[in-house]
Amino acid sequence: MKLRPIATNFTLKDHVYERLREAITEMDIYSADADLRLDERSLAEQLNISRTPLRDAIARLEADGLVTVVPRKGVYVQRKSLSEVLEMIIAWAALESMAARLAAERATDTEIASLRKIASKYDDELSPTRIAEYSDDNLRFHLRILEISQCALLKTMAEGLFLHMQAVRWRAMGEADRVKRSVVDHAEIIEAIEARDPDDAALRVREHTMRLYEHVQKTWTRLELTSNQA
């Protein structure tokens, strides 16, 4: 994990927490060789801070379910079990499909066009070779649907899941030619929203997310909690 030093003229505790959370959610924690242990000394040095605000931030991250503190062993980024990952995907499908329904009813033409702007970057044969770039824009695409739904509470509820879903999507995107399938799905989702068809928009999003569910269910091996691995 690489971190930039934090300027101490801001609210230090909040900045340390935000910086660590950002770094953790950008990690590919479900890869087979992921290094999930966080070294407090190294983190403090990279951030140019003492360990006190670092430990405060770690406590908040533990409350978020992003890390696990194992007594006498250390701090570990927490991976969800396979059953938990599958449950998160189901919950995300429910929230985002409702967001798509609302977007079809409420979003402005300009807001809908912003979805197409994200998706149009990958209307070519090269998309599978740009997995890292596409993964970032894939996440932006799904967050944008929540934003243009114009339902703040729905977006807030989804953001809690999104912290954990990022890493799941990062791993899955590079498997089984899912980039190509995802590009097609995104185009169909946009068409449904542009057509102002709430039922079809909700269906397209739900089916897209449940394809991720089926992929993970069939191809991922059993995932253990980091605390158990430690």
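Now for a look at the structure at hand. (Residues numbered from 1 in each chain as written. Predicted model: local features only at pLDDT ≥ 70, side-chain atom pairs only at ≥ 80, totals over all residues. Heavy atoms only, no water.)

This part covers the packing of helix 6 (residues 131-148) against helix 7 (residues 152-173). Running from N to C, helix 6 and helix 7 point in directions that differ by 160°, and their axes come no closer than 11 Å. Classified by the interaxial angle, the pair formed by helix 6 and helix 7 is roughly antiparallel. The hand of the helix 6/helix 7 crossing is right-handed. On the side of helix 6, the interface is formed by I131, A132, Y134, S135, D136, N138, L139, H142, L143, L146 and E147, while helix 7 contributes L154, K155, A158, F162, Q166, R169, W170 and M173. (Axes fitted to C-alpha atoms, helices over the stretch in contact; angles between N-to-C directions. Helix = DSSP H or I, 4+ residues; strand = E, 2+ residues; numbered from the N terminus. Parallel < 35°, antiparallel > 145°, perpendicular 65-115°, else oblique. Left-handed = near helix turned anticlockwise from the far one by under 90°. Contact = heavy atoms within 4.5 Å.)

Moving on: the side chain of H186. Looking at the secondary structure, you find H186 in helix 8 (residues 178-194). For H186, a relative accessible area of 3% corresponds to the buried category. When neighbours within four sequence positions are excluded, H186 is seen to be in contact with Y134, N138, F141, H142 and H208. (Buried < 20%, exposed > 50% of the residue type's maximum accessible area, 1.4 Å probe, protein only.)

Here the idea is simple: oppositely charged side chains can pair when their charged atoms come close. Enumeration over the complete set of coordinates arrives at 17 salt bridges. In this structure, E40 and R55 form a salt bridge, with 2.8 Å as the shortest nitrogen-oxygen distance. Within this pair, whereas E40 is found in helix 2 (residues 40-47), its partner R55 is found in helix 3 (residues 51-64), the two being separated by 15 residues in sequence. As a salt-bridge pair, K121 and D137 come within 2.7 Å of each other at their nearest N and O atoms. Taken together, the residues span a long stretch of sequence, with K121 in the loop between helix 5 (109-119) and helix 6 and D137 in helix 6 at a distance of 16 residues. A single network of salt bridges, built from pairs that share partners, joins K121, E133, D137 and R140. (Salt bridge = Lys/Arg side-chain N within 4 Å of Asp/Glu carboxyl O.)

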